[in-house]
Amino acid sequence: MKTRRVFSTPDLVTARAAIQAAREAGIHDEDISLVARSDIEAGQIPNRRKEADSDFVPAAFRGAAFGGIAGLVAGAIAVLVFPSVGMSWAGAGLVALAGVLMGAFASSLVGSSLPDPVRQKFDGEIKAGRILVLVDGAAELLPAVETAVTRTGALPLPFDAPTALIR
């Protein structure tokens, strides 16, 4: 499981230096992304560096998990409490699968309308024109990464979240 760290930089030059420092500290290139105001992102940040604008993917995973649990419980109740319905355990599995699909669908619709957690938490930094550098890495690498990135002039921001569902 990877953990996400967020750093704030005043400009693109510092952000590029922070990216290079993170790579030299052992972070893979695809585990580094940038978040900035839309006018900065549109003109100055390559697409491969942009972080998603919405909570779509994490919401879909959460919805699938909770929908699957709800479907499994509903299927088990149907089998155990209402035997006259005649549902087998295979039918309970199908109800669980339907719960996964419906949960993922409904949650992803809601998630697509919400900004991702980093954009939500650091909206003030983004509006001020600062560029956020997001680094996803193994816990044992992050102290060295934080030291290296901070030396470039980037400021660490209080965000420490697992990213297993993000990538």
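Here, every reference points to the structure presented above.
Residues numbered from 1 in each chain as written. Predicted model: local features only at pLDDT ≥ 70, side-chain atom pairs only at ≥ 80, totals over all residues. Heavy atoms only, no water.

Participant: I'm lost on the packing of helix α1 (residues 12–24) against helix α7 (residues 142–151) in this one. Help?
Facilitator: The description of two packed helices rests on the angle between their axes and on the distance between the axes. Orientation of α1 relative to α7, taken along the N-to-C sense of each, is 150°, at an axis distance of 8 Å. With respect to α7, the element α1 is oriented roughly antiparallel. Relative to α7, the crossing made by α1 is right-handed. Here α1 contributes Ala 18, Ala 21 and Ala 22 to the contact with α7, which in turn contributes Val 145, Ala 148 and Val 149. Here the residues of the contact of α1 with α7 are counted per class, giving six nonpolar, no polar and no charged. (Axes fitted to C-alpha atoms, helices over the stretch in contact; angles between N-to-C directions. Helix = DSSP H or I, 4+ residues; strand = E, 2+ residues; numbered from the N terminus. Parallel < 35°, antiparallel > 145°, perpendicular 65-115°, else oblique. Left-handed = near helix turned anticlockwise from the far one by under 90°. Contact = heavy atoms within 4.5 Å. Nonpolar A, V, L, I, M, F, W, Y, C, P; charged D, E, K, R; others polar.)

Participant: How do you make sense of the pairing of strand β3 (residues 131–137) when you look at a structure like this?
Facilitator: Note on strand geometry: in a regular strand, side chains alternate between the two faces of the sheet. Across the seven residues that make up β3, a large majority, seven, are buried. Of the two faces of β3, the one lined by Ile 131, Val 133, Val 135 and Gly 137 and the one lined by Leu 132, Leu 134 and Asp 136 are each fully buried. As paired strands, strand β1 (residues 3–9) and β3 are joined by seven bridges and run antiparallel to one another. Bridge pairing in β3 links Arg 5 to Val 135. When strand β2 (residues 32–35) meets β3, the two strands line up antiparallel, connected through four bridges. Pairing of Leu 34 across the sheet is with Val 133, part of β3. (Buried < 20%, exposed > 50% of the residue type's maximum accessible area, 1.4 Å probe, protein only. Pairing = 2+ DSSP bridges.)

Participant: Any chance you could explain α7 here in plain terms?
Facilitator: Residues that lie three or four places apart on an α-helix share one face, since the helix turns once every 3.6 residues. Among all positions of α7, only Leu 142, Val 145, Ala 148 and Val 149 are buried. Here the buried residues of α7 occupy an arc of 125° about the axis, which is enough to place them on one side. In this structure, α7 carries Pro 143 and Arg 151 as exposed residues pointing more than 90 degrees from its buried face. Within two residues after α7, Gly 153 carries a phi angle of roughly 105°, on the positive side. (Arc of directions from axis to C-beta.)

Participant: Help me understand a nonpolar patch on the surface in this model?
Facilitator: A surface patch of nonpolar side chains, amounting to about 960 Å² of accessible area, comprises Phe 66, Ile 69, Val 73, Ile 77, Leu 80, Val 81, Phe 82, Val 85 and Trp 89. Of all the elements, helix α3 (residues 56–80) adds the most residues to the nonpolar patch, at five residues. Its place among the elements puts Val 81 in the loop between α3 and α4 (89–111). (Patch = residues over 30% accessible without salt bridge, like charges linked within 9 Å, V, L, I, M, F, W, Y side chains within 5 Å. Areas by Shrake-Rupley, 256 points an atom, 1.4 Å probe, with all protein chains shown as cover. Salt bridge = Lys/Arg side-chain N within 4 Å of Asp/Glu carboxyl O.)

Participant: How do you make sense of the pattern of salt bridges when you look at a structure like this?
Facilitator: Evaluation of the coordinates by the stated rule reveals five salt bridges. As a salt-bridge pair, Glu 146 and Arg 5 come within 3.0 Å of each other at their nearest N and O atoms. Of this pair, Glu 146 sits in helix α7 while Arg 5 sits in strand β1, placing them 141 residues apart in sequence. Of the residues examined, Glu 146 reaches a relative accessible area of 26% and is grouped as partly exposed.

Participant: Would you explain α1 in this entry?
Facilitator: The end-to-end C-alpha distance of α1 is 18 Å, a good match for the 18 Å that 13 residues give at a rise of 1.5 Å each. Listing the buried residues of α1 in full gives Leu 12, Thr 14, Ala 15, Ala 18, Ile 19, Ala 21 and Ala 22. Structurally, the start of α1 carries an N-cap: the backbone nitrogen of Val 13 is 3.4 Å from a side-chain oxygen of Asp 11. Residue Gly 26 follows α1 closely and has a positive phi angle near 110°. (Expected span 1.5 Å × (residues − 1). Polar contact = N/O pair within 3.5 Å; in protein donor to acceptor, adjacent residues only side chain to side chain.)

Participant: In this structure, what is going on with the environment of Lys 2? I would like to understand it.
Facilitator: Here Lys 2 lies in the segment before β1. Given a relative accessible area of 33%, Lys 2 falls into the partly exposed group. The spacing of Lys 2 and Asp 136 is 134 residues in sequence and 5.8 Å in space, taken between C-alpha atoms.

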